[in-house]
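# Secondary and tertiary structure notes
As a plain string of letters, each chain reads:
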Amino acid sequence: MQRQVGLDGVSAGYANRAVLDQLTLHIPAFTATAVVGPNGSGKSTLLGVIAGVIRTTAGEVEHRTDRRPAFVTQRSRAADMLPLTVRDAVAMGRWGHRGLCRRLSRRDREVVEGSMERLGIGSLARRQLGELSGGQRQRALVAQGLAQEADLLLLDEPTTGLDATAQRLIADVLAEVTREGVTVVQATHDLGAARAAGHLLVLQEGRLWGEGDPGEVLTGDAIERIWQLPHRV
Ligand SMILES: Nc1ncnc2c1ncn2[C@@H]1O[C@H](COP(=O)(O)OP(=O)(O)OP(=O)(O)O)[C@@H](O)[C@H]1O
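Everything numeric here is computed off the predicted structure, so don't read it as measured data. (Residues numbered from 1 in each chain as written. Predicted model: local features only at pLDDT ≥ 70, side-chain atom pairs only at ≥ 80, totals over all residues. Heavy atoms only, no water.)

Moving on, we get to the sheet that holds strand 1 (residues 3-14). The antiparallel open sheet is built from 3 strands, whose spatial order is 2-1-4. Unpaired on one side and paired on the other, strand 2 (17-28) and strand 4 (56-63) mark the two borders of the sheet. Ignoring strand direction, the axes of neighbouring strands in this sheet form an average angle of 10°. Packed on one face of the sheet, helix 1 (residues 43-51) meets strand 1, strand 2 and strand 4 and runs near 65° to strand 2. (Pairing = 2+ DSSP bridges. Helix = DSSP H or I, 4+ residues; strand = E, 2+ residues; numbered from the N terminus. Axes fitted to C-alpha atoms, helices over the stretch in contact; angles between N-to-C directions. Contact = heavy atoms within 4.5 Å.)

Between its first and last C-alpha atoms helix 7 (residues 164-179) spans 22 Å; for 16 residues at 1.5 Å apiece the expected length is 22 Å, and the two agree. Those residues of helix 7 not exposed but buried are Ala166, Ile170, Val173, Leu174, Val177 and Thr178. Taken end-on, helix 7 shows its buried residues confined to a sector of 140°, consistent with a single buried face. Of the exposed residues in helix 7, the ones pointing more than 90 degrees away from its buried face are Ala164, Thr165, Arg168 and Arg179. (Expected span 1.5 Å × (residues − 1). Buried < 20%, exposed > 50% of the residue type's maximum accessible area, 1.4 Å probe, protein only. Arc of directions from axis to C-beta.)

All right, on to the site of the ligand then. Taken together, 14 residues lie around the ligand, and Gly40, Lys43, Ser44, Thr45 and His189 are the ones closest in. A distance of 2.8 Å separates an oxygen atom of the ligand from a polar backbone atom of Gly40. Coverage of the ligand by the protein amounts to 62% of the 640 Å² it exposes when considered alone. In terms of residue count, helix 1 provides more of the shell around the ligand than any other element does, 3 residues in total. Taken together, the residues that form the shell around the ligand break down as 3 nonpolar, 8 polar and 3 charged. (Near = heavy atom within 4 Å. Polar contact = N/O pair within 3.5 Å; in protein donor to acceptor, adjacent residues only side chain to side chain. Areas by Shrake-Rupley, 256 points an atom, 1.4 Å probe, with all protein chains shown as cover. Nonpolar A, V, L, I, M, F, W, Y, C, P; charged D, E, K, R; others polar.)

Quick look at helix 5 (residues 106-118) now. A rise of 1.5 Å per residue sets the reference length of helix 5, with its 13 residues, at 18 Å; its end C-alpha atoms lie 18 Å apart and thus fit the reference within 8%. Along helix 5, the residues that are buried comprise Asp108, Val111, Val112, Ser115 and Met116. The buried residues of helix 5 all sit within an arc of 130° when viewed along its axis, so they share a single face. For helix 5, the exposed residues set more than 90 degrees away from the buried face come down to Arg106 and Glu117. Gly120, located one to two residues past helix 5, shows a positive phi value of around 65°.

Running from N to C, helix 6 (residues 134-147) and helix 7 point in directions that differ by 10°, and their axes come no closer than 11 Å. Taken together, the axes of helix 6 and helix 7 lie roughly parallel to each other. Of the residues in helix 7, those touching helix 6 at Arg139, Val142 and Leu146 are Ala166, Leu169, Ile170, Val173 and Val177. Broken down by class, the residue content of the contact of helix 6 with helix 7 amounts to 7 nonpolar, no polar and 1 charged. (Parallel < 35°, antiparallel > 145°, perpendicular 65-115°, else oblique.)

Here it is, written out as structure tokens:
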């Protein structure tokens with residue numbers, strides 16, 4: 001099995017807060033990995049470390065390739081403030097390919113239109129990002145991630161707060177891009193999505209609680225212990 005990313009003894013956090021504590025784990029290549037754990041367990045921080053936007057304080061992060069990962073963060077309030085259409089926002093995914101100031105090439109435009117179509121937002125292309133519903137905006141951000149054509153796609157809770165149709169659409173698109181050879185990593189609270197992944201990482205208080213095949217890791221007993229649910233009688 002090839003590794004897309006390997007972490008060895010990685011610690012990381014924020015100015016006054018240590019979050020990840022000596023994490024050693026790997027992300028298998030060409031597979032969908034789900035990252036689960038209670039609120040505050042460090043899922044977003046882990047994605048930020050893998051994306052290279054949060055610096056480590058200890059340990060090593062190794063990537064299989066030099067390509068920049070695509071990182072779809074939770075609904076971006078910053079993007080909402082900008083006067084951007086959906087098409088502009090998705091086209092921002094091409095900046096890494098063409099630079100900030102160059103015009104979009106024909107291929108860039110095809111990728112942008114194709115990414116919007118895959119997320120079912122072609123008809124929203126001219127709408128302002130800031131005036132979309134939460135679910136529509138989330139689809140636009142996933143389309144922006146796809147438009148980057150990265151070999152590693154990181155998504156922070158891409159389906160939280162979405163209706164069942166939008167959840168299914170995003171899950172299907174992520175399964176499809178995984179089959180096309182992209183390595184997908186998503187942080188999620190949706191245990192159904194976690195079970196459908198090829199690989200699972202479970203975090204608890206900044207440490208790795210478990211990893212491996214989701215069906216083997218996510219037993220009823222494990223769920224009760226990780227989320228500290230009372231035992232059912
Ligand atoms: N920008 C920040 N500055 C300081 N502390 C932060 C920052 N972002 C997150 N934290 C803290 O780091 C810890 C881990 O947060 P993180 O967002 O990684 O957890 P999470 O597992 O993604 O949580 P959730 O499920 O609620 O999204 C929490 O204690 C949080 O308060």
